[in-house]
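Survey of secondary and tertiary structure
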Amino acid sequence: MLNELYSLSTAMKSKGISAKEWHREYKSLPKVTAKSPCIRIWLAQDGSICGLESISAELAQSLRKYGNNQGTFPAFNIAPLYRITEEEQLSLLEQIEKGTIPPDFDKIKLWCIHDNWKGSIVKKVDRGLHNIPKTLSDIIGNQEQPEGRLISKLIQLASGFRNESDKSFKSALEKCVFAKFQKQEDIGTLLAVLFHKGNPKKEHNDDTGSISVVLDLFDWQQYGYPVTSQHFTEWLNDMLLKSSLQSASQPSKDVERDAFGISFINPNEPMPSVKLSGFEVTLRSMFNGQPCQYRYEQIDDGSYPIAMENRSLIKKSLEWAADLEREGITWRKIDKSEIVFAYPSKLPEVLPKFVSIFGSGQAENSAQAEARFENIANDFIRTLRGLLPKETPQFIQIFTIRKLDKARSKVIFTRNCSPDQLIQAAEDWQAGCGNIPETDLSKRETPFPLQVAQIVNNVWKQNGELAQGQTAVERMKYYQGMELLLDPMQENMIDNYLHVTLTHSSGLASYIGNWVHGGSSCKSKTEEKALEKLKNEAALLLAVLGLLLYKRGERKEKYMENMAYLVGQLLKISDELHTLYCKVVRGGDVPPQLAGSALFAAASERPYQTIAQLSLRMNPYITWAKHYRFKNILTKDEESWRARWYLKLYEDAANKLFPVMTDSTRFNDFEKAQFFIGYLASFPRRGSSVTVGANESDNDNNVGGANYEQ
């Protein structure tokens, strides 16, 4: 990741883009929502807590807290003071929060029984009030500026709390809450601080809840700004950065220059981390506490020395690329634990949406779902080709970061490609996904590269439902869809993806084919939506099969003449002829499984036996069709010309099939893919020859009954 980000820092520097730098231990606050508020706690000059209020999400976004996993200041997390689990109390509490009943102070006070501040919480709050502020005070020293006197005063007041019943932070907080309750002030905030809605099925130690709070000085006016202000936050950040530079050691005796060629002064601290959307990532870590790291003979900074200047540049580069305003341009979330980044070696005035071409692995909203790959790719290509020569990048850097566990993250995919290579890859992708004939499903759709893994991994039952196990199937990773887009894939990898896809999707192909060929009507809007969703899933599946065949050199113009495809077409013809027979002869009573669909699984494994079996099953329907085709019936869905058309399709398929039948008794995976496509593909367009004229002989049984059709 360091090498990838260093190239971005160079591009930013050449463009004159300067990103805000934050000290490595000065972290942003948790995101504020209605269910996760951030509460400002006002401290009076006498050290008491004199006020509580929720701060806005906008203000919280501009604030920071200094510290580490052991504690932070002036913001930190606490637990609500008490825990309640009784249903009656929980119900009344929710009604009070909604404002449907007034708060009964005496009753609420009776609920304060189960102390929610366990030992670990008390210790962490104590570190946030004493240890971390002392460290912070030592770092910034005595400052005569108003901001310095403000933070010194706050540290002094915070250190006044002791782990004694009448001098503790908890008792002061509780006292303030009850005082405000009696005045009926800001009830929602007070209830959030006072009670955690516990789960009676969980152990108390595992179910304490958490609230983000930030300390501030009530009489802040004399200092110009409160602690909870963007001005103070930036001032403190400047002090921390200045201190870091001053504390750097002398140049290293072992390493004169860092990995990027500048003078190396060991900063004697871990590499910085950056908070991304959903998780935090450390730029590089070879932690000395893990003995396995010593196999490289270097540990911590020595494993890959990076000077302070370059650490700062790389950190700022990632923060710039991961900024919320550049979501969908330089980064996009794949799922909750994985993010893809893409950016050019030269930064133009208006950045093309580099990551948009990859799509998203997550469930998309309606606007994203309507965005087709073709439109996104064409827009991207047009923008890229329209760049001025001086703005055209030499390469585009692409990489994905995945959170492995609570403490570790890893770059799992990285590529460096030229604009022409990316444009060619997008055009080949469209050609590959279009490597299938027309179908009777939904409109043809090209999946995004990050969608492919889900299409491949989805396991379908024979009833058209997804097999939802406790553990998700991950035979293909999200980033491997990008590999499929960008890389010339090894044949064995394509073979593997194809095998997995066919194994997982057989149930979907059989089910949706049976439904569509049977002309079944939906009984409700819900059923109609479910069918449309399945048709869309099947269309995406066929696009992936077409892409994988394309990657192995199989083009539709050729494989549509192959045995496997034609066998699929035979099953489709059989389904539709069977359906016509049932509508005419059985009064529309179409069975749940049609003749061709019933043999779908067998045909993909034993095609010769299946063809013989199909011939026997379809013989009575073919015999009926030879007579019905002359009836001149025009009733909708029962037209007699359909019988003539199906017989003609049988004859054409049989005539094509006979010369290409092979000695192989089983289909391989590439033939199975062609078979799947053939079963769901549309018939050739109906020509005028299927229309029965009035002068045709009723005894003409050659049409549809000649050559190899039986």
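To continue, consider the overall build of the protein. In terms of regular secondary structure, the protein is built from 24 helices and 15 strands. On C-alpha atoms alone, the protein measures out to a radius of gyration of 34 Å, which is more than a quarter above the 27 Å that the 2.2 N^0.38 rule sets for 710 residues. Taken along its principal axes, the extent of the C-alpha atoms in the protein is 110 × 70 × 45 Å. Counting all 710 residues of the protein, 50% fall into the buried class. Across the protein, every contact between residues at least 6 apart in sequence was considered, and the portion connecting residues at least 24 apart equals 75%. Element-wise, carbon and sulfur atoms account for 47% of the exposed surface of the protein, whose accessible area totals about 35,100 Å². Counting 87 positive and 87 negative side-chain charges, the protein places the centres of these two groups 1 Å from one another.

Turning next to the state of the cysteines. This model, assessed by the stated rule, comprises zero disulfides. Of the cysteine sulfurs around Cys38, a residue in no disulfide, the closest is that of Cys176, at 16 Å.

On the basis of which strands lie adjacent, the open sheet formed by three strands has the order S1-S4-S5 and antiparallel pairing. Two strands bound the open sheet, and with one partner strand each, they are strand S1 (26–28) and strand S5 (71–73). Sheet twist, expressed as the mean angle between neighbouring strand axes with direction ignored, is 45°. Bridging between S1 and strand S4 (residues 64–68) involves three bridges; their strand directions are antiparallel. Bridge assignment links Tyr26 to a residue of S4, and that residue is Tyr66. Contacting S4 and S5, helix H5 (residues 119–140) crosses the sheet at an angle of about 60° to S5.

Attention shifts here to the packing of aromatic side chains. All chains considered together, the criterion is met by 30 aromatic pairs. Ring centres 5.6 Å apart and planes at 85° place the aromatic pair Trp645 and Phe683 in the edge-to-face group. Highlighted residues: Trp645 in helix H23 (residues 640–660) and Phe683 in the segment after helix H24 (669–680), separated in sequence by 38 residues. Both residues of the pair, Trp645 and Phe683, count as buried. Here a set of aromatic residues connected by ring pairs shows up, and it is made of Phe600, Phe667, Phe675, Phe676 and Tyr679. Its guanidinium or amino end placed over the ring of Trp22, Lys20 lies 5.3 Å from that ring's centre, counting from NZ or CZ. A cation over a ring is seen here: Lys572 above Phe683, with NZ or CZ 4.7 Å from the ring centre.

The subject of this paragraph is unusual backbone geometry. Here the residue pair Phe73 and Pro74 is connected by a cis peptide bond, since its omega of 5° sits within 30 degrees of zero. With respect to the element layout, Pro74 can be found in the loop between S5 and strand S6 (75–78). With phi around 60°, Gln184 is a residue other than glycine that occupies positive phi space. Relative to the helices and strands, Gln184 is located in the loop between helix H7 (169–182) and helix H8 (187–194). Its relative accessible area of 44% is what places Gln184 among the partly exposed residues. Unusually for a residue other than glycine, Asn632 sits at a positive phi of about 60°.

Of all seven residues in strand S13 (residues 338–344), seven are buried, a share of seventy percent or more. Turn length for the strand S12 (residues 331–335)-S13 hairpin, with the two strands adjacent in sequence and antiparallel, is two residues. As defined by bridge partners, S13 adjoins strand S14 (residues 396–403) across seven bridges and the pair is classed as antiparallel. Of the residues in S14, the one forming a bridge with Val340 is Thr400.

This structure, assessed with the given rule, holds 31 salt bridges. Residues Arg408 and Asp405 are paired through a salt bridge, measuring 2.8 Å at the closest nitrogen-oxygen approach. Here Arg552 and Asp495 are joined by a salt bridge, their closest N and O atoms 2.4 Å apart. With Arg552 in the loop between helix H17 (525–551) and helix H18 (556–559) and Asp495 in helix H16 (residues 491–518), this residue pair connects regions lying 57 residues apart in the sequence. Salt bridges sharing common partners tie together Asp115, Lys170 and Glu174.

Turning our eyes to something else, we now look at the packing of helix H19 (residues 563–585) against H24. As a packed pair, H19 and H24 sit with axes 7 Å apart at the nearest point and diverge in direction by 30°. Comparing their axes, H24 and H19 come out roughly parallel. The two elements H19 and H24 cross, and the hand of that crossing is right-handed. Contacts between H19 and H24 involve Ala564, Tyr565, Val567, Gly568, Gln569, Leu571, Lys572 and Asp575 on the former and, on the latter, Glu671, Gln674, Phe675, Ile677, Gly678 and Tyr679. Partitioning the contact of H19 with H24 into residue classes produces seven nonpolar, four polar and three charged.

Remark: helix H22 (residues 607–628) packs on H23, axes separated minimally by 9 Å, with the N-to-C direction vectors making an angle of 140°. Two packed elements cross with a definite hand, and for H22 against H23 that hand is left-handed. Here Ile611, Met618, Ile622, Ala625, Lys626 and Tyr628 of H22 come into contact with H23, specifically with Ser640, Ala643, Leu647, Tyr650 and Leu657. A breakdown of the residues in the contact of H22 with H23 according to their chemical character gives nine nonpolar, one polar and one charged.

Here we take up the confidence of the model for the protein. On average, residues of the protein carry a pLDDT of 88, and 91% of them reach 70 or more. Ignoring residues within four places in sequence, the model shows residues 363–369, a span with pLDDT below 50, making three contacts including any to other chains. Throughout residues 688–710 the model reports pLDDT below 50, and contacts reaching past four residues in sequence, or to other chains, amount to 41 contacts.

Moving on, we get to the nonpolar core. Counting residues in hydrophobic clusters, the biggest one holds 132 residues, and the most contacted among them are Leu276, Phe341 and Phe358. Dropping the residues within four chain positions of it, Leu276 is found in contact with Val281, Leu318, Ala322, Ile339, Phe341 and Ile401. Core analysis: the second largest hydrophobic core is formed by 60 residues, Leu52, Tyr66, Ile187 and Trp235 among them.

Conventions we followed
- Residues numbered from 1 in each chain as written.
- Predicted model: local features only at pLDDT ≥ 70, side-chain atom pairs only at ≥ 80, totals over all residues.
- Heavy atoms only, no water.
- Helix = DSSP H or I, 4+ residues; strand = E, 2+ residues; numbered from the N terminus.
- Rg over C-alpha atoms; globule rule 2.2 N^0.38 Å.
- Buried < 20%, exposed > 50% of the residue type's maximum accessible area, 1.4 Å probe, protein only.
- Contact = heavy atoms within 4.5 Å.
- Areas by Shrake-Rupley, 256 points an atom, 1.4 Å probe, with all protein chains shown as cover.
- Lys, Arg positive; Asp, Glu negative; His and termini not counted.
- Charge placed at Lys NZ, Arg CZ, Asp CG, Glu CD.
- Disulfide = S-S within 2.5 Å.
- Pairing = 2+ DSSP bridges.
- Axes fitted to C-alpha atoms, helices over the stretch in contact; angles between N-to-C directions.
- Phe/Tyr/Trp six-rings, centres within 6.5 Å; stacked < 30°, edge-to-face > 60°.
- Lys NZ or Arg CZ within 6 Å of the ring centre and 35° of its normal.
- Salt bridge = Lys/Arg side-chain N within 4 Å of Asp/Glu carboxyl O.
- Parallel < 35°, antiparallel > 145°, perpendicular 65-115°, else oblique.
- Left-handed = near helix turned anticlockwise from the far one by under 90°.
- Nonpolar A, V, L, I, M, F, W, Y, C, P; charged D, E, K, R; others polar.
- pLDDT = per-residue confidence, 0-100.
- Core = buried A, V, L, I, M, F, W, Y, C linked by side-chain atoms within 4.5 Å.

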